[in-house]
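So the chains spell out like this:
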2 protein chains.
Amino acid sequence: MYTVAEENYIKSIYHLQRHQKSVHTNDLAAELNTRAASATDMIKKLEAKGLLKYEKYYGCSLTKSGKKLALNIIRRHRLWEFFLSEKLGFGWEEVHAVAEQLEHVQSDLLTDKLDAYLGFPRFDPHGDPIPDTLGNMAAREQTPLSLWTSQAPAEVCGVGSQDESFLEMLSLKQLEIGCRLTVLRHFNFDKTVELQLATGSSFTISEMLAKNIFVKPVEV
Amino acid sequence: MYTVAEENYIKSIYHLQRHQKSVHTNDLAAELNTRAASATDMIKKLEAKGLLKYEKYYGCSLTKSGKKLALNIIRRHRLWEFFLSEKLGFGWEEVHAVAEQLEHVQSDLLTDKLDAYLGFPRFDPHGDPIPDTLGNMAAREQTPLSLWTSQAPAEVCGVGSQDESFLEMLSLKQLEIGCRLTVLRHFNFDKTVELQLATGSSFTISEMLAKNIFVKPVEV
DNA sequence: CGAAATATTTAGCCAAAGCTAAAAATATAT
DNA sequence: ATATATTTTTAGCTTTGGCTAAATATTTCG
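Our subject in this report is the structure included herewith. In this numbering scheme, every chain counts its residues from 1 along its sequence in written order. Just so you know, chain letters begin at A and ligand numbers begin at 1, following the order they were written in. It should be noted that, the model being predicted, local features are given only for residues of pLDDT at least 70 and side-chain atom pairs only at 80 or more, the latter also being counted only at that level, while totals for whole chains, interfaces and linings use all residues. Here the side-chain values reflect all heavy atoms present in the structure, with hydrogen atoms and water set aside.

### Brief notes about the protein's contact with DNA strand D
So the rule is basically this: In these notes, residues near a molecule or strand are those with any non-hydrogen atom within 4 Å of it. In protein, a polar contact requires one atom able to donate a hydrogen and another able to accept it; more generally it is a pair of N or O atoms within 3.5 Å, and residues adjacent in sequence count only if both atoms are side-chain atoms.
Looking at DNA strand D, there are 21 residues lining it, with Lys44(A), Tyr54(A), Lys56(A), Thr34(B) and Lys45(B) nearest. Near-protein atoms of DNA strand D (within 4 Å) split between backbone and bases, with sugar and phosphate holding 83%. At 3.1 Å, a backbone N or O of Tyr57(A) approaches a phosphate oxygen of DNA strand D. Between DNA strand D and the protein, one listed contact pairs a phosphate oxygen with a side-chain N or O atom of Tyr9(B) at 3.5 Å.

Set out below in structure tokens:
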């Protein structure tokens, strides 16, 4: 059994590790809205539990069992997100905060029965893949809108942030998961992107937004 | 927002208050598997938050807002029990432990949406009534089997303990909620009760068991 | 009633997880 | 290459919730 604090650290380290190979104390503290000193303490504790490797002044990275735990927490989080959205009718921007609490309920029986009840979904409402019992999850071809140069129609399949204000903005602009669009042009000057929805309406979005919306080719 | 520890104290005080008017420190400590000294500390903290009245050496009892909180926690607990049993197919003896964790997820939106999703159930799988948003819950005429003297058929409608070994025993003896039975006789010597199931099989149960099984007249 | 038993509180500790401020290591820049 | 800046760690303190042991109230019983 792990504490909520421990689980949150493991989860954050896992996410940061996708970008940097080794996770630095400051980055981790920032991610968790805490201070570097606190992060150092927790890193030491987690190392003692065998969940990560740690080298002073250099950083840390998850061990095999740390990764396994991380994937289990992510599995719980995304299954609950799916449940909240699909079964309880939560808006996708409300889902994350509640799932942050639910993900810490520790019962493998619960997780597996929930998974089965939901029909073993492979993606959560934000388009993120859900790991299975063994920690395997679907990889997904996805390109941020900022890099999508093709004129072919694209389908929104994921987002790069769970921030509520970000998701609310997407809802307002009707850029939900599964939505179809075409990129009309990229403005080099300020990196904004002009796009057109299936509804016909077209508008321009900021670079910041474009970087956080992932698309894939529309499936035939 | 309340901590998990606070919520557990409030819940226990509420339950103990059904029997004694004022809850004594030792009883509370026993209920929570902790020590009297710890209970005293927490009682003081909860009094400071206005959730209970406390008189030294005498005991404590919930205020209005304490009761409201208690009912909300109980509501969450029982809704989750219903969900686990009804939707996820948990056995009724497995339900309690997981619900103990789920009940501490604090989101009124979640609670209310769950309630609606489940169809506003009025009783959980153990036969306990589920409070509504306002804290109202169905009262239920229920008699422990130890006091049921009528020869009329009775229906099991509740249990007096959530102890796993107790519930497992009931499952084994096929004494589930909703099950019909007739009391054949009470043995005065050791207070055991002989009963007969709808299936025809008859057997004797201990006083301890009989006190913890609640029945009501079979509805016509 | 007063002594013994029981219940409750107080005082002083501990561990978890956070914090600040200062020290130490590493990185950067002139 | 040395001085400055940044990052990380250490040391020491805080709060929450628990503990033991000792002190104090209350209850019970001879």
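### With respect to the sheet that holds strand S4 (residues 154-159) of chain A
All names here are of chain A. Inclusion rule: By the convention used here, strands pair only if DSSP detects at least 2 bridges between them. For helices the rule is a DSSP run of H or I covering at least 4 residues; for strands it is a run of E covering at least 2, with both sets numbered from the N terminus onward.
Ordered by their spatial adjacency, 6 strands build an open sheet running S3-S8-S4-S5-S6-S7, and the pairing between neighbours is antiparallel. The open sheet is flanked by strand S3 (143-144) and strand S7 (202-205), the only strands paired with a single partner. With 5 bridges connecting them, strand S5 (residues 180-186) and strand S6 (residues 193-197) associate as antiparallel partners. Bridged to arginine 185 within S6 is glutamate 194.

### Considerations on the environment of Leu110(A)
Filter applied, for reference: In this scheme, a residue with accessible area under 20% of its type's maximum is buried, one over 50% is exposed, and one in between is partly exposed, where area comes from a 1.4 Å probe on protein chains only. In this description, contact between two residues means that some pair of their heavy atoms is separated by no more than 4.5 Å.
Structurally, the position occupied by Leu110(A) is in helix H6 (residues 108-117). The exposure class of Leu110(A) is buried, given its relative accessible area of 2%. Here the alpha-carbon distance between Leu110(A) and Leu184(A), two residues 74 residues apart in the chain, equals 46 Å. Apart from the residues within four sequence positions on either side, Leu110(A) is in contact with Trp80(A), Val105(A), Leu84(B), Leu88(B), Phe90(B), Val98(B) and Leu102(B).

### Brief notes about the interface of chain B and chain A
Interfaces are often described in size by the accessible area the parts lose on coming together. Worth spelling out the cut-off: Buried area is calculated as the accessible area (1.4 Å probe) missing from two parts once they are joined, with the contributions of both summed. Any carboxyl oxygen of Asp or Glu that lies within 4 Å of a side-chain nitrogen of Lys or Arg is treated as forming a salt bridge with it. Ten residue types, Ala, Val, Leu, Ile, Met, Phe, Trp, Tyr, Cys and Pro, are classed as nonpolar, four, Asp, Glu, Lys and Arg, as charged, and the remainder, Gly among them, as polar.
The partner chain A presents 20 residues to the 20 residues of chain B that form the contact. Between chain B and chain A the total buried area reaches about 1,700 Å² when both faces are included, carbon and sulfur atoms providing 72% of it. In this assembly, chain B and chain A are joined by 0 salt bridges. The interface formed by chain B and chain A includes 5 residue pairs in polar contact (both at pLDDT 80 or more). Elements with a contribution of two residues or more to the side of chain B that touches chain A: helix H4 (64-86), helix H5 (95-102) and helix H6 (108-117) of chain B. Element by element, the count of residues in the side of chain B that touches chain A is highest for H6(B), at 5 residues. Looking at the side of chain B that touches chain A residue by residue, the class counts come to 12 nonpolar, 5 polar and 3 charged.

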